[in-house]
Amino acid sequence: MRASFGTRDFEEARAVLAGAYGDHVPILHGEPDRFAFTTTVVQAGGLGLDSLHYGGLIENRFVLREDTLLVGLMRAGSLSYDDGSYQHVLATDELYWVRPDRPQQQLTEDVRFDFARLDLSALTRVAAEMSDLEPHQVRFHSRARGRARAERVRYWDATRRWIAEHVLADDALADEPLVRGEAFRSLALATVLAVPNTALDRLVDPVAPVPAAPEPATVRRAVAYIEEHAAEDIGLADVAAAARVTPRGLQAAFRRHRDQTPLEYLRRVRLDAAHRELEGADPTRGDTVAAIAARWGFAHPGRFSVYYRQTFGGSPGDTLRR
């Protein structure tokens, strides 16, 4: 599939970008008349090749789609970004990549970019084959962990250009599943060599430590929501909605990755909060175990005491009286 689009309507551009790259919160600065957006998109299976121009001064916050690694080269303009662990001002023809677990805050001015969007599951399988890792052990590092080497960036760029201009530009070729598969694999190999990642670490150092399997984004979102809203009246449906998954799917993910249910984790967070409050409480001021337990959702004092003793090895009354 190949398509071109252009607009001077900021909201139209935002909708197009959100459809391709994920949730966007853009803010247009400066003169609205300066704004312009054009893009050409070629999509073939799990590989998307995009060229875009984003004119004007734009502040942008976005979270990439979970199933995608975004890699690109800025051809013109300026871009500064902050992914929560690293801040950087991008140079022209410097490799830029965005992981789906890293929210981005950007400031761009009159940028022109050539991007590749790669299906993350398929990409990690290619990386695993290269390095003898398991797919779940493949992770792409943040920019804070290192820069891409110049010669590998040139190789990545040449591979992307060849696929865009000589493979996917030919509709008859692009319709062939084997051609699409080989195109994806070629760019995936170039990406693994260019973007710092655990598979590349293993290729460079065969005895490099193997990372543990990361928790999926759905579990991380659920955990963050529970920890932020534990003092509120929330249930499984609320947590699942925040995690962008069904309650049944969230239950399965927690069982698989944490060996507990989301509500068991919520209970533990509340129990920890009650424990901290008991440690700082003063019975001479009228603080009681029952009141603190109720404040954290434990309406039955006896059951609260059982949970508390199982977790902390003593009674809540003993903690309060210390």
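What counts and how
- Residues numbered from 1 in each chain as written.
- Predicted model: local features only at pLDDT ≥ 70, side-chain atom pairs only at ≥ 80, totals over all residues.
- Heavy atoms only, no water.
- Helix = DSSP H or I, 4+ residues; strand = E, 2+ residues; numbered from the N terminus.
- Rg over C-alpha atoms; globule rule 2.2 N^0.38 Å.
- Areas by Shrake-Rupley, 256 points an atom, 1.4 Å probe, with all protein chains shown as cover.
- Expected span 1.5 Å × (residues − 1).
- Buried < 20%, exposed > 50% of the residue type's maximum accessible area, 1.4 Å probe, protein only.
- Contact = heavy atoms within 4.5 Å.
- Polar contact = N/O pair within 3.5 Å; in protein donor to acceptor, adjacent residues only side chain to side chain.
- Salt bridge = Lys/Arg side-chain N within 4 Å of Asp/Glu carboxyl O.
- Phe/Tyr/Trp six-rings, centres within 6.5 Å; stacked < 30°, edge-to-face > 60°.
- Patch = residues over 30% accessible without salt bridge, like charges linked within 9 Å, V, L, I, M, F, W, Y side chains within 5 Å.
- Lys, Arg positive; Asp, Glu negative; His and termini not counted.
- Charge placed at Lys NZ, Arg CZ, Asp CG, Glu CD.

Q: Can you tell me about the overall build of the protein chain, naming the residues and giving the values?
A: Each helix and strand counted, the protein chain has 13 helices and eight strands in total. The C-alpha atoms of the protein chain give a radius of gyration of 25 Å, which is well past the 20 Å a tight globule of 322 residues would have. For the protein chain, the spread of C-alpha atoms along the three principal axes comes to 75 × 55 × 35 Å. Of the accessible surface of the protein chain, which amounts to about 16,400 Å², a share of 51% is contributed by carbon and sulfur atoms.

Q: Can you break down helix H2 (residues 120-131) residue by residue, with the values?
A: The end-to-end C-alpha distance of H2, which contains 12 residues, comes to 16 Å, matching closely the 16 Å that a straight helix rising 1.5 Å per residue would cover. Taken as a whole, H2 has its buried residues at Leu120, Ala122, Leu123, Thr124, Val126, Ala127, Ala128 and Ser131. Packed against the buried residues of H2 are strand E5 (68-82), strand E8 (104-119), helix H5 (177-194) and helix H6 (198-204). With a side-chain oxygen lying 3.3 Å from the backbone nitrogen of Ser121, the N-terminal cap of H2 falls on Asp119. Positive backbone phi, approximately 65 degrees, marks Asp132, located one or two places after H2.

Q: Before we move on, could you go through helix H10 (residues 262-280) and cite the residues and values that matter?
A: Between its terminal C-alpha atoms H10 stretches 28 Å, which fits the 27 Å expected from 19 residues at 1.5 Å a residue. Looking at the buried residues of H10, the elements they touch are helix H7 (217-229), helix H8 (236-243), helix H9 (247-258), helix H11 (289-295), helix H12 (301-312) and helix H13 (316-321).

Q: A description of the pattern of salt bridges should follow, citing residues and the corresponding values.
A: The final tally for this structure, using the stated rule, is 15 salt bridges. For Glu109, the salt bridge goes to Arg34, with nearest N and O atoms at 3.3 Å. Of the two residues, Glu109 sits in strand E8 while Arg34 sits in the loop between strand E2 (22-29) and strand E3 (36-44), which places them 75 residues apart along the sequence. By relative accessible area, Glu109 is classed as partly exposed at 30%. Of the charged contacts in the structure, one is a salt bridge between Asp114 and Arg75, with a shortest N-O distance of 2.9 Å. Taken as a pair, Asp114 in strand E8 and Arg75 in strand E5 lie far apart in primary sequence, 39 residues in all.

Q: Give me the lowdown on the packing of aromatic side chains, citing residues and values where you can.
A: This structure, assessed with the given rule, holds 12 aromatic pairs. Summarising the aromatic geometry, the rings of Phe298 and Phe304 are spaced 5.0 Å apart at their centres and angled 50 degrees between planes, so their arrangement reads as tilted. Judged on exposure class, the residue Phe298 and its partner Phe304 are both buried. An aromatic cluster is built from Phe5, Phe10, Phe35, Phe37 and Tyr54, whose rings are joined through pairwise contacts.

Q: For a negative patch on the surface, give the residues involved together with the corresponding values.
A: A contiguous patch of negative charge, built from Glu228, Glu232, Asp233 and Asp238, is present on the exposed surface. Take Glu228: it is sitting in helix H7.

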